[in-house]
Amino acid sequence: MKDPRERLVVALDVGGLDEAAAFVDRLGDLVLWYKVGLELFSAAGPAAVGMLKEQRKRVFLDLKLHDIPNTVGRAAGRLGAMGVDILDVHVAAGQEAMHGAARAIQQTCDPASRPLLLGVTVLTSTAVGEDGQPLSAEALVPEVVLRAVSAQKAGLDGVVCPAAAAPDVQRQCGADFHMLIPGIRLAGGVKADQRWTATPASAVEAGASWIVVGRPISAAPDPVAAAQDILTQIEGL
Ligand code: C5P
């Protein structure tokens, strides 16, 4: 049975390296995976990845690359060479950009330890569709599936997607295509800016390879107890 810690990625959404290191230290062996996102990377840069690697943690570097193919490819190569375990690029950047990122990783990284490359489909905070109308699940799911198929075609290893679309993505793309699911909330928890939320267990049951959890742990009165509670909820699934 899979160690539940293999599935939990804790978002290090903090403003500096010292704060990040103190949080990682506090959570100790309970958490194996961390997400470095725009805030921490903007504040601390590659040192944030270095600190986590020194602590033998696995790293999802969530910079959601979205630019012209040449720039996305070159940036992905640089980021891959930092030794991170997962990187992501927006599917909306297009086939050529995604393919460029996949190729750059192949060229710059050892195949045995290269990062997995995921495509961001639709942000879990998206409340309004392209037509300006409130986004319904009926509209969300086909859009996510379309983008997941596009990511798979470009040679990506999986997608970042809302839990609501995960069963359809898996049906369409197969069980080996990874799904990383953010927007995780405990039953009755505060949604804040997230729209497409799911509990830890429902996201794992929907097929998540990993769940990404930020505020339900970082803003909890006792983050260690909150992380332990989430691990207990997904244990054995
Ligand atoms: O605090 P909360 O649990 O909402 O944090 C979710 C984390 O997952 C944030 O760091 C956010 O950047 C990230 N994320 C997301 N939706 C995506 C991709 C990443 O919420 N599609």
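Before reading further, recall that the structure is shown in the block above.
Predicted, not measured: the structure shown is a model, and the values here were computed from it. (Residues numbered from 1 in each chain as written. Predicted model: local features only at pLDDT ≥ 70, side-chain atom pairs only at ≥ 80, totals over all residues. Heavy atoms only, no water.)

Caption draft 1: Focus on the packing of helix α1 (residues 17-27) against helix α3 (residues 46-54). At their nearest, the axes of α1 and α3 sit 10 Å apart, and the two run at 20° to each other. Relative to α3, α1 is oriented roughly parallel. For the crossing formed where α1 meets α3, the hand is right-handed. Within the contact between the two elements, α1 uses L17, A20, A21 and V24 and α3 uses A47, A48, M51 and L52. Looking at side-chain class alone, the contact of α1 with α3 contains eight nonpolar, no polar and no charged residues. (Axes fitted to C-alpha atoms, helices over the stretch in contact; angles between N-to-C directions. Helix = DSSP H or I, 4+ residues; strand = E, 2+ residues; numbered from the N terminus. Parallel < 35°, antiparallel > 145°, perpendicular 65-115°, else oblique. Left-handed = near helix turned anticlockwise from the far one by under 90°. Contact = heavy atoms within 4.5 Å. Nonpolar A, V, L, I, M, F, W, Y, C, P; charged D, E, K, R; others polar.)

Caption draft 2: Highlighting unusual backbone geometry. For R56, which is not glycine, the phi torsion reads 60° and is therefore positive. Its place among the elements puts R56 in the loop between α3 and β3 (58-65). Given a relative accessible area of 77%, R56 falls into the exposed group. A positive phi angle, near 45°, is found at K64, a position not held by glycine. For K64, a relative accessible area of 26% corresponds to the partly exposed category. (Buried < 20%, exposed > 50% of the residue type's maximum accessible area, 1.4 Å probe, protein only.)

Caption draft 3: Quick look at the packing of aromatic side chains. Within the structure shown, the criterion is met by one aromatic pair. Taken together, a centroid distance of 5.7 Å and an interplanar angle of 65° make the contact between W33 and W210 edge-to-face. Within this pair, whereas W33 is found in strand β2 (residues 33-36), its partner W210 is found in strand β8 (residues 210-213), the two being separated by 177 residues in sequence. By the burial criterion, W33 is buried, and W210 matches it. Above the plane of the ring of W196 lies R195, whose end atom (NZ or CZ) is 4.4 Å from the centre. (Phe/Tyr/Trp six-rings, centres within 6.5 Å; stacked < 30°, edge-to-face > 60°. Lys NZ or Arg CZ within 6 Å of the ring centre and 35° of its normal.)

Caption draft 4: Focus on the sheet that holds β2. Within the closed barrel, the eight strands sit side by side as β1-β2-β3-β4-β5-β6-β7-β8. Their pairing is parallel. Each strand axis lies, on average, 25° off the axis of its neighbour in the sheet, ignoring direction. Of the pairings in the sheet, the one linking strand β7 (residues 178-181) to β8 comprises two bridges and is parallel in character. The residue of β8 that forms the bridge with L180 is W210. (Pairing = 2+ DSSP bridges.)

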